[in-house]
Amino acid sequence: MLVSFDQCQLLIPSVPDTLGIVNSRHQEFPTAAQAPPGEAASAVDGRASRWQSHREERRRELIKAARKAVHRLGSDASMEDIAGAAGTSKSVFYRYFGDKAGLQQAMGEVVLGQMQRRMREAAQLAQTPREGLYAMVSAYLQMAESSPNVYAFITRLTPGEASAQDAIAASGALGNFFEQITEMIATPMREYLGVEKEGAEKEAVIVYWPTAAIGLVRNAGEMWLGSPAGAGKPDQAAMAAQITDWLCLGVAPGLKATT
């Protein structure tokens, strides 16, 4: 109820009227607590979903920026170096990844996932089991060669880190990658050896051989990747062919050829 005017003849609302204005505005714009339970929960879920989507997108952006920085700066780039190249602070990277090992793990999931898809696609185009092995080895070497710095960053933990050790044991991304590749390599090797037709006679080979093969591919490939360019260093295709020969035939044919 309106009770008086001031000296300028302006209407002054009473306290009840003021409360009426406030209450009417609250009714027009209810808070989440005042809204019906279903609508309030929906609003909260919507905000949480948008926030989670934003965090995931930001995380992808940081991984992409870090990958570019490592490609340019080298595998020993510090978090500060990477953050500077990404145009942000290292505290942002720590907030999203915890520490450098966490960033290596996250980047490894992305890069190794791409390598795995490339290897699978290459193997699917092969006409024979041996061609399938060559295709996978070649795709692996191509991806690693395209950015040796990034490959080294995701497969080597930084000295001084609390968990510093060989990344195949410490990194879930790398361990999972080689587990998946082991299974991929076992398939054409079964066909190559005729295990499906001859049964358990050659099954023992398949049980142990793929894991040994991964060690050969990885160690030979990384040694080749780190070797300086020169007349004695084979190109990618030749190295892939050589590794495939070792997988399928061993080193005996090469030794016989030189004696």
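Right above here is the structure, for reference.
Rules used throughout
- Residues numbered from 1 in each chain as written.
- Predicted model: local features only at pLDDT ≥ 70, side-chain atom pairs only at ≥ 80, totals over all residues.
- Heavy atoms only, no water.
- Core = buried A, V, L, I, M, F, W, Y, C linked by side-chain atoms within 4.5 Å.
- Buried < 20%, exposed > 50% of the residue type's maximum accessible area, 1.4 Å probe, protein only.
- Contact = heavy atoms within 4.5 Å.
- Helix = DSSP H or I, 4+ residues; strand = E, 2+ residues; numbered from the N terminus.
- Arc of directions from axis to C-beta.
- 1 Å grid on protein atoms, 1.4 Å probe; cavity = no way out; pocket = protein on both sides within 12 Å on 5 of 7 lines; lining within 4 Å.
- Points joined across faces, edges and corners; volume = space filled by probe spheres on them.
- Nonpolar A, V, L, I, M, F, W, Y, C, P; charged D, E, K, R; others polar.
- Salt bridge = Lys/Arg side-chain N within 4 Å of Asp/Glu carboxyl O.

**Q** Before we go on, may I ask you to explain the nonpolar core in this structure?
**A** Ile82, Phe93, Met107, Tyr140 and Phe177 are the most contacted members of the largest nonpolar core, which has 52 residues in total. Look past the residues within four positions of Ile82 in its chain and what remains in contact with it is Ala66, Ala69, Val70, Ala77, Phe93, Leu103 and Phe153.

**Q** Just to check I follow, could you spell out helix H4 (residues 90-97) for this structure?
**A** Structural remark: α-helix, 3.6 residues per turn; residues separated by three or four positions point the same way. Within H4, burial applies to Val92, Phe93, Tyr96 and Phe97. The buried residues of H4 occupy an angular sector of 105 degrees when the element is viewed end-on, so they sit on one face. At the exit of H4 stands Gly98, carrying a positive phi of roughly 85 degrees.

**Q** I keep staring at empty space enclosed by the protein and nothing clicks. Help me out?
**A** Gaps between atoms show up when a probe of the same size as a water molecule is rolled over them. Under the defined criterion, the tally for this structure stands at 1 cavity of 30 Å³ or more. Here the largest cavity defines a volume of roughly 50 Å³. Of the residues belonging to the lining of the largest cavity, the class tally is 8 nonpolar, no polar and 1 charged.

**Q** Explain the pattern of salt bridges to me, please; I cannot follow it from the model alone.
**A** One side chain can pair with another of opposite charge once the charged atoms of both are near each other. Going through the model one piece at a time under the given rule, you end up with 4 salt bridges. Two residues, Arg60 and Glu57, come together in a salt bridge whose shortest N-O distance is 2.7 Å. Of this pair, Arg60 and Glu57 both sit in helix H2 (residues 37-73), 3 residues apart, which is roughly one turn of that helix. Classification of Arg60 by relative accessible area gives partly exposed; the value is 49%. As a salt-bridge pair, Arg218 and Glu222 come within 2.9 Å of each other at their nearest N and O atoms. On the criterion of helical spacing, the pair formed by Arg218 and Glu222 is a turn pair, its members being 4 residues apart in helix H11 (residues 203-226).

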